[in-house]
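Here is what each chain is made of, one letter per residue.
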Amino acid sequence: YSIPILAILAAHEFGHYAFCRRHKVDATLPFFIPAPPPPFFIAGTLGAVIRIKEPFPSKKALFDIGVAGPIAGFVVLVPLLYWGVMMSTVSAAPDHGNVLYLGEPLLYQAMERLHFGALPQGTDVYLHPMAFAAWFGMFATALNLLPFGQLDGGHIMYSVLGRRSWYVPAATLVGAIVLTFISLSWLLMAIMMVVMAVFLGFRHPRILDEHVPLDGGRLAVAILALLIFIVCFTPVPISLFLPTE
């Protein structure tokens, strides 16, 4: 579990770092943020970050740096997810005790269907730790691609729409608040987004060439990032089944 999840996080942050170097933007190497091990913190890590020490010089640089992380992490997690699903097992679904269920993004559903086919009624897939790590990689990728604030998705959205993009993060915040009524998994994220909106507002910090449109190649990559978000997103990431007696 540890090696694949750190590989996904490292690929994500080194994707950002590589394009910082390409655009001559001063940035640190990735910092990995520890967390208490499961069950105190289910992922066992709070992820990784790089610190960018100077403003983005152009909208193209902002886009490249923002989108490189999710794509790099995605490229690493896909084979790990497939490998992890191959090592997972199908067994009878539990009918007693507290059971933790993970939401099934479209990418996971495709991998499960490809390997196991249609599951018999009353059975479920028990994930191998590598598949579990890849699942958290998908979850982190989807969160980072939310079009809000200083998240990667916020950088991408601003790069594509410029100052007109402010209404997208506002709608994203509303969506996150609505999702908390569906799954408490979104509560912490919604609170963080509310705090960012109160103190920083919905508008992205300005870039000097914000009125210069992106070229066709970068717009195609933006569509790719949207597709990655769609296949990695799940509205109910984690749920706990408490049987009634």
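The structure we're discussing is the one just above.
Note that the coordinates shown come from a computational prediction; the quantities given were computed from them, not determined experimentally. (Residues numbered from 1 in each chain as written. Predicted model: local features only at pLDDT ≥ 70, side-chain atom pairs only at ≥ 80, totals over all residues. Heavy atoms only, no water.)

1. Focus on helix α5 (residues 152-161)
Here is step 1 of the chain: Of all 10 residues in α5, 7 are buried, a share of seventy percent or more.
Here is step 2 of the chain: Taken as a whole, α5 has its buried residues at Asp 152, Gly 153, Gly 154, His 155, Ile 156, Tyr 158 and Ser 159.
Here is step 3 of the chain: Lining the buried residues of α5 we find α1 (2-22), α2 (59-86), α4 (129-144) and α8 (216-232).
Here is step 4 of the chain: Downstream of α5 by a residue or two, Gly 162 has a phi angle that is positive, lying close to 70°. (Buried < 20%, exposed > 50% of the residue type's maximum accessible area, 1.4 Å probe, protein only. Helix = DSSP H or I, 4+ residues; strand = E, 2+ residues; numbered from the N terminus. Contact = heavy atoms within 4.5 Å.)

2. Some words on the layout of surface pockets
Here is step 1 of the chain: The volume enclosed by the largest pocket comes to roughly 1,400 Å³.
Here is step 2 of the chain: Those elements that place two or more of their residues in the lining of the largest pocket are α1, β2 (45-49), α2, α4, α5 and α7 (187-200).
Here is step 3 of the chain: It is α4 that provides the largest number of residues to the lining of the largest pocket, a total of 7 residues.
Here is step 4 of the chain: For the lining of the largest pocket, the residue count by class is 28 nonpolar, 12 polar and 2 charged.
Here is step 5 of the chain: Roughly 360 Å³ of volume is contained in the second largest pocket.
Here is step 6 of the chain: If you trace the second largest pocket, you find 14 residues lining it, with Leu 100, Leu 102, Val 125, Tyr 126 and Leu 127 closest to the centre.
Here is step 7 of the chain: Elements with a minimum of two residues in the lining of the second largest pocket: β4 (99-102), β5 (123-126) and α4.
Here is step 8 of the chain: When residues of the lining of the second largest pocket are assigned to their parent elements, the largest contribution, 4 residues, is made by β4.
Here is step 9 of the chain: Class assignment for the residues of the lining of the second largest pocket results in 11 nonpolar, 1 polar and 2 charged. (1 Å grid on protein atoms, 1.4 Å probe; cavity = no way out; pocket = protein on both sides within 12 Å on 5 of 7 lines; lining within 4 Å. Points joined across faces, edges and corners; volume = space filled by probe spheres on them. Nonpolar A, V, L, I, M, F, W, Y, C, P; charged D, E, K, R; others polar.)

3. Some remarks on a nonpolar patch on the surface
Here is step 1 of the chain: Residues Ile 177, Phe 181, Leu 184, Leu 187, Ile 191, Val 194, Val 195, Val 198, Phe 199 and Leu 200 make up a contiguous nonpolar surface patch of roughly 1,100 Å² in combined accessible area.
Here is step 2 of the chain: For the nonpolar patch, the element with the most residues is α7, which contributes 7 residues.
Here is step 3 of the chain: Its place among the elements puts Val 198 in helix α7.
Here is step 4 of the chain: The exposure class of Val 198 is exposed, given its relative accessible area of 62%. (Patch = residues over 30% accessible without salt bridge, like charges linked within 9 Å, V, L, I, M, F, W, Y side chains within 5 Å. Areas by Shrake-Rupley, 256 points an atom, 1.4 Å probe, with all protein chains shown as cover. Salt bridge = Lys/Arg side-chain N within 4 Å of Asp/Glu carboxyl O.)

4. With respect to the side chain of His 12
Here is step 1 of the chain: When you line up the elements, His 12 lands in helix α1.
Here is step 2 of the chain: In this structure His 12 comes out as buried when scored by relative accessible area, which is 8%.
Here is step 3 of the chain: A polar contact is formed between the side chain of His 12 and the backbone oxygen of Gly 69, at a distance of 3.4 Å.
Here is step 4 of the chain: Non-local contacts of His 12, meaning those with residues more than four positions away in its chain, are made with Gly 69, Pro 70, Gly 73, Asn 144 and Asp 152. (Polar contact = N/O pair within 3.5 Å; in protein donor to acceptor, adjacent residues only side chain to side chain.)

5. Focus: the pattern of salt bridges
When charged atoms on two side chains of opposite charge get close, those side chains can pair.
Here is step 1 of the chain: All told, the structure shown has 2 salt bridges when counted by the stated rule.
Here is step 2 of the chain: We note a salt bridge from Asp 64 to Arg 218, for which the minimum N-O separation is 2.8 Å. Here Asp 64 is found in helix α2, whereas its partner Arg 218 is found in helix α8, with 154 residues between them in sequence. Across this residue pair, the class does not change: Asp 64 and Arg 218 are buried.

It is worth stressing that arrangement in space is one thing and function is another; only the former is reported here.
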